[in-house]
Amino acid sequence: LIQAEKDGYDWAWADTCCIDKTSSTELTEAINSMFQYYSLSYICYAYLADVTAENAFERGSKFYWSQWHTRGWTLQELLAPHDVVFMSRDWTRLGNKYTLAEELRAVTKIPASVLRLEEDFATMSIAARMSWASKRKTTRVEDEAYCLLGIFGVNMPTIYGEGRNAFYRLQEEIVRSSTDNTFLVW
């Protein structure tokens, strides 16, 4: 929040502290709206706690191995906003998704043209979008599906405790709303 203030923003939103997780109704609404929140933001800061600014982009550096690239929820943080600024452990600006598009492509396999907003990720096949998520991990098994709702443009109720059934429900929603046959390849 301090960085946002330094950059001249009057308002900031942090998903980790602005969602009442004790209310299942609010949690479902927030999860279904999260992608939209990010897409409407002026800027998103990606704090890479495991990356130092010095030598951040040398081959095999911490940037390429950052846990941020492996977490399920950060995929929408990368795709939805117009601008994502990557910050190191000491809050040094490393670059944004435009200037780091090639480095991010190497890590995430998302085309640089998508990261630079030259190509809409929603035009990419379902199989391609699923592949971007395939190596990412979540703490709760249901979040493997819930973190992808906005990426596929679907909404559905969240039911923590349903386990892998959440992913099956996600697949059903995707099939219901798309004519993309690559879903079968996935």
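Being a predicted model, the structure only gives us computed values, none of them experimental. (Residues numbered from 1 in each chain as written. Predicted model: local features only at pLDDT ≥ 70, side-chain atom pairs only at ≥ 80, totals over all residues. Heavy atoms only, no water.)

What's the story with the overall build of the protein in this structure? I'm lost.
In terms of helices and strands, the protein carries ten helices and three strands. Walking the protein from its N terminus toward its C terminus, one meets helices and strands in the order α-α-β-α-α-β-β-α-α-α-α-α-α. On C-alpha atoms alone, the protein measures out to a radius of gyration of 17 Å, which is about the 16 Å that the 2.2 N^0.38 rule sets for 186 residues. A principal-axis box enclosing the C-alpha atoms of the protein has dimensions of 45 × 35 × 25 Å. By sequence separation, contacts in the protein at least 24 residues apart represent 50% of the contacts at least 6 residues apart. About 10600 Å² of surface is accessible on the protein, with carbon and sulfur atoms providing 52% of the total. A distance of 7 Å separates the average location of the 19 positive side-chain charges in the protein from that of its 25 negative side-chain charges. (Helix = DSSP H or I, 4+ residues; strand = E, 2+ residues; numbered from the N terminus. Rg over C-alpha atoms; globule rule 2.2 N^0.38 Å. Contact = heavy atoms within 4.5 Å. Areas by Shrake-Rupley, 256 points an atom, 1.4 Å probe, with all protein chains shown as cover. Lys, Arg positive; Asp, Glu negative; His and termini not counted. Charge placed at Lys NZ, Arg CZ, Asp CG, Glu CD.)

Teacher, can you tell me more about the environment of Glu119 here?
Note that Glu119 resides in the loop between helix H6 (112-115) and helix H7 (126-133). Sequence separation between Glu119 and Ser24 is 95 residues; the distance between their C-alpha atoms is 36 Å. Residues in contact with Glu119, not counting those within four places in the same chain, are Ser113, Val114 and Met124.

Help me understand the nonpolar core in this model?
Across soluble globular proteins, nonpolar side chains show a tendency to be buried alongside one another. Within the largest apolar cluster, 44 residues are counted, with the highest numbers of intra-cluster contacts made by Phe86, Leu148 and Leu170. Considering every element that reaches this core, the biggest residue donor is helix H2 (residues 24-40), with five residues. (Core = buried A, V, L, I, M, F, W, Y, C linked by side-chain atoms within 4.5 Å. Buried < 20%, exposed > 50% of the residue type's maximum accessible area, 1.4 Å probe, protein only.)

Would you explain unusual backbone geometry in this entry?
Most peptide bonds take the trans form, and the phi angle of most residues other than glycine is negative. A positive phi angle, near 70°, is found at Lys109, a position not held by glycine. Mapped onto the elements, Lys109 comes out in the loop between helix H5 (101-108) and H6. Taking relative accessible area as the criterion, Lys109 reaches 59% and is therefore assigned exposed. Phi is positive for Leu117, close to 65°, though the residue is something other than glycine. Assignment of secondary structure puts Leu117 in the loop between H6 and H7.

Mind showing me how you'd approach the packing of aromatic side chains here?
For any pair of aromatic rings, the description rests on two quantities: the centre-to-centre distance and the angle between the ring planes. Tallying each qualifying case throughout the model produces seven aromatic pairs. Centroid distance Phe63 to Phe86: 6.1 Å. Interplanar angle 80°. Geometry classified as edge-to-face. With Phe63 in helix H3 (residues 62-65) and Phe86 in strand E2 (residues 84-87), the pair connects residues that are 23 residues apart, well separated along the chain. Judged by its relative accessible area of 0%, Phe63 is buried. Accessibility expressed as a relative area gives 0% for Phe86, which makes it buried. Relative to Tyr160, the ring of Tyr146 lies with its centre 5.2 Å away and its plane at 85°, an arrangement referred to as edge-to-face. Placement of the pair is Tyr146 in helix H8 (residues 143-146) and Tyr160 in the loop between H8 and helix H9 (165-177), with a sequence separation of 14 residues. By relative accessible area, which is 0% here, Tyr146 ends up buried. A relative accessible area of 26% places Tyr160 in the partly exposed class. (Phe/Tyr/Trp six-rings, centres within 6.5 Å; stacked < 30°, edge-to-face > 60°.)

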